[in-house]
Structures are given as C-alpha cells and as structure tokens.
Amino acid sequence: MPSLALSLARGAVTSPFKRAGRPGATLPAAVAHRPAAPVAPGPLAAYRRICGFTGPDALPVTYPHVLAFPLAMRLMTGRRFPLPVTGLVHTWIEITAHRTLHPTDRLELSVYAVELAPHRRGTEVTVATEARLAGELVWESRSGYLSRHATPDAEAPTATEPAATATPAPGHAAPAAPGPHLPAVTEWRLPADLGRRYGAASGDRNPIHLYPLTARLFGFPRAIAHGMWAVARCLAEAPRPHLIHAVRADFKAPVLLPGTVTYASDGTAFQLRGSGDRVHLTGTTARPAREAATDGRS
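All of these numbers come straight from a predicted model, not from anything done at the bench. (Residues numbered from 1 in each chain as written. Predicted model: local features only at pLDDT ≥ 70, side-chain atom pairs only at ≥ 80, totals over all residues. Heavy atoms only, no water.)

Under the defined criterion, the tally for this structure stands at 9 salt bridges. Measuring nitrogen to oxygen at the nearest pair gives 4.0 Å for the salt bridge that ties E140 to R142. By relative accessible area, E140 is classed as buried at 17%. Judged by relative accessible area, which is 24%, R142 ranks as partly exposed. (Salt bridge = Lys/Arg side-chain N within 4 Å of Asp/Glu carboxyl O. Buried < 20%, exposed > 50% of the residue type's maximum accessible area, 1.4 Å probe, protein only.)

This is how it looks when you write it as structure tokens:
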C-alpha cells in the first residue's frame, strides 16, 4: 500500500510548480493499482467505531474509498497530474456498490482520473475508484476535487451544478440538490480530536484535520472534520446501513472542530447542519427496490 504520508510530502513539494487553469492541461492516463489484498481487521474496527457502524458484519459502503485513498493521493501528487494537490477541495462523491461487501473479501483496487472541467471557482477534476473481486467489478465511485483559481467568467456553470437536475441512472442515488431542510433526527457534539482519531483509523492525516495550528496554515481558524467521516457517520445513522448500495453526497461547508451538528433525514435524503441551520453536507441514498419498499425507521 502506498504511503499516504509520502504522497502528502510529495504534494507539498510539487504543488508550487503546478498552475491550475493552465490552457491545454491534460490528465495522465496512468492507473494507480493495488493487487487483491485482505482488509486489515484493526483499522476496519477502528473505522467502524469512529463512524458509528454497528450491526451485521458487512463492509461499510464508504470503506473501499478509504482503502483506495492512498492510491488517489499517489495519482494526484504525480508529476503529470496538472493540478496542485495542496488546497484541493473535495466537492462531491458518488458511490455504487454492486453487491454487499464483507471484511473477508480480497479487493483489487484501481484509481484513475476521468476528466477536467471548468468550475466557476476554478477547475474540477473527477477521479474514479473501482474495486474488483476475482475480476468482477463490485464497487465504484466518482469524486470531484476543486482547485480554486481565478476564472474569466465567475458565472459559468460549474462541473457539479448540472448534476443537480440530472436524472439518476437506475440503481443510483439521485444527486443531492438544495431544498427545504429535512426533519432533524439527532444532534452530535464533535470533539476537538475527531480529525486525529479519524485520521488514525483511515490513514488520512491531512494537516487541516489535525490541530488548529496546522489548519491555520491552510486558511482555517480551527481543525475541520473529514468530509468522508461526515458522510460515513450519516450513513451509519440510517436504518440498516448495510443495505445502502448507492450514495451521492455534496460537501457544502467545512465543519469546524470542536462543534455541534444536527443530522437530518427523511429516510432517503440526508443533511448535516450546523449553527444557524448552516448546511455542511447534503446527500441521498438508494437501496435495492425490494428493501426500499419495506424499509422504515424502526
């Protein structure tokens, strides 16, 4: 498994030499790959605890993203990747699980860049992750990462805005669109060390999540929660989360630590809200049709 710390260090060195928004920029054709390997039980148990997953012995639908994140970092810190990794903002993620995965599954992972698209605040890259079991595609995701820079037309459509009105493919979660606040379900008090604890479980020790001092180096007044922790925690709160097979989540605003947030959901759509009803995260989920027809909070 590639070292995430090494990738972060390489990104810090190479980022100053990359210019986002450069005309004619292209993505590398390389695919970062990890051969089939077992899931380490210790980190998985720590991940389940910090995110709140309980119940059946199924792999959380978000966990392959965690397993593959070092590969994504290796790809994005490579010399031919056109955007500086320092300052990249995770803007959205779509996940589709084609079957329920288990900790005993030996997953083969691959990560590659799909496209560059203009965004009203800069340039957004879409990164694809795939997991295979004995050669069969069993899980996949797409993630958007924004590199902020000056643009000639600040009102140009963004890479993610069209998706808000798109019709989802069968079996996929609908894009999370802005709308009325969902009914509140519960409130979570997030400790100051949440970023360090999730970083230890996931391997993502980005300095913006660790301490106020390291976060201030990147323009945040305090450490911020990992976006993928927020997604996983919301999914863990849903009834029978092991049956969720498709997720769309959009990151709206960082969650400062420590802090208090409200989880809201209508059973399919979910939100994470902060003080003043500020929306930090919106999302939707989908389940197999036979389960969705009978599911309910009980």
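With that out of the way, let us pick up the sheet that holds strand β1 (residues 32–37). As a general point, the strands of a sheet are linked pairwise by backbone hydrogen bonds and lie either parallel or antiparallel. Overall, antiparallel pairing links the 10 strands, which are arranged β1-β3-β4-β5-β2-β7-β10-β9-β8-β6 in an open sheet. Each edge of the open sheet carries a strand with a single partner, namely β1 and β6 (184–190). Averaged over all pairs of adjacent strands, the angle between their axes in this sheet comes to 15 degrees, without regard to strand direction. Here strand β3 (residues 107–119) runs beside strand β4 (residues 122–133); their pairing, made up of 11 bridges, is antiparallel. Paired with E115 across the strands is T126, a residue of β4. (Pairing = 2+ DSSP bridges. Helix = DSSP H or I, 4+ residues; strand = E, 2+ residues; numbered from the N terminus. Axes fitted to C-alpha atoms, helices over the stretch in contact; angles between N-to-C directions.)

All right, on to the environment of G267 then. Relative to the helices and strands, G267 resides in the loop between β8 (259–265) and β9 (269–273). C-alpha of G267 to C-alpha of T285: the two residues are 18 residues apart in sequence and 8.5 Å apart in space.

This brings us to the side chain of R248. On the secondary structure map, R248 appears in strand β7 (residues 246–251). A polar side-chain atom of R248 sits 2.8 Å from a polar atom in the side chain of E94. Separated by 2.9 Å, the side chains of R248 and D250 make a polar contact. (Polar contact = N/O pair within 3.5 Å; in protein donor to acceptor, adjacent residues only side chain to side chain.)

Next up on the list: the packing of aromatic side chains. Applying the stated criterion to the full structure yields 5 aromatic pairs. Relative to F53, the ring of Y47 has its centre 6.3 Å away and its plane inclined at 15 degrees; by these criteria the two rings are stacked. Both residues of the pair, Y47 and F53, count as buried. Ring geometry for Y47 versus Y63: centroids 4.8 Å apart, planes at 55 degrees, classification tilted. Here the residue Y47 occupies a position in helix α2 (residues 41–51), and Y63 occupies one in helix α3 (residues 63–76), the gap between them amounting to 16 residues. Clustering of aromatic rings is evident, with ring pairs tying together Y47, F53, Y63 and Y198. (Phe/Tyr/Trp six-rings, centres within 6.5 Å; stacked < 30°, edge-to-face > 60°.)

In terms of nonpolar packing, the biggest core is built from 64 residues, with M76, L107, W229 and L281 touching the most fellow members. Those residues within four positions of L107 in sequence are excluded, and the remaining contacts are R34, P35, A36, A37, L59, P64, L67, L101, A131, R132, L133 and V138. (Core = buried A, V, L, I, M, F, W, Y, C linked by side-chain atoms within 4.5 Å. Contact = heavy atoms within 4.5 Å.)

Right, let's talk about α2 for a bit. If you check which residues of α2 are buried, you get L44, Y47, R48, I50 and C51. Residues of α2 that are buried sit in contact with α3, α4 (194–202) and α6 (227–237). Note on α2: the residue one or two positions beyond its end, G52, has a positive phi of about 90 degrees.

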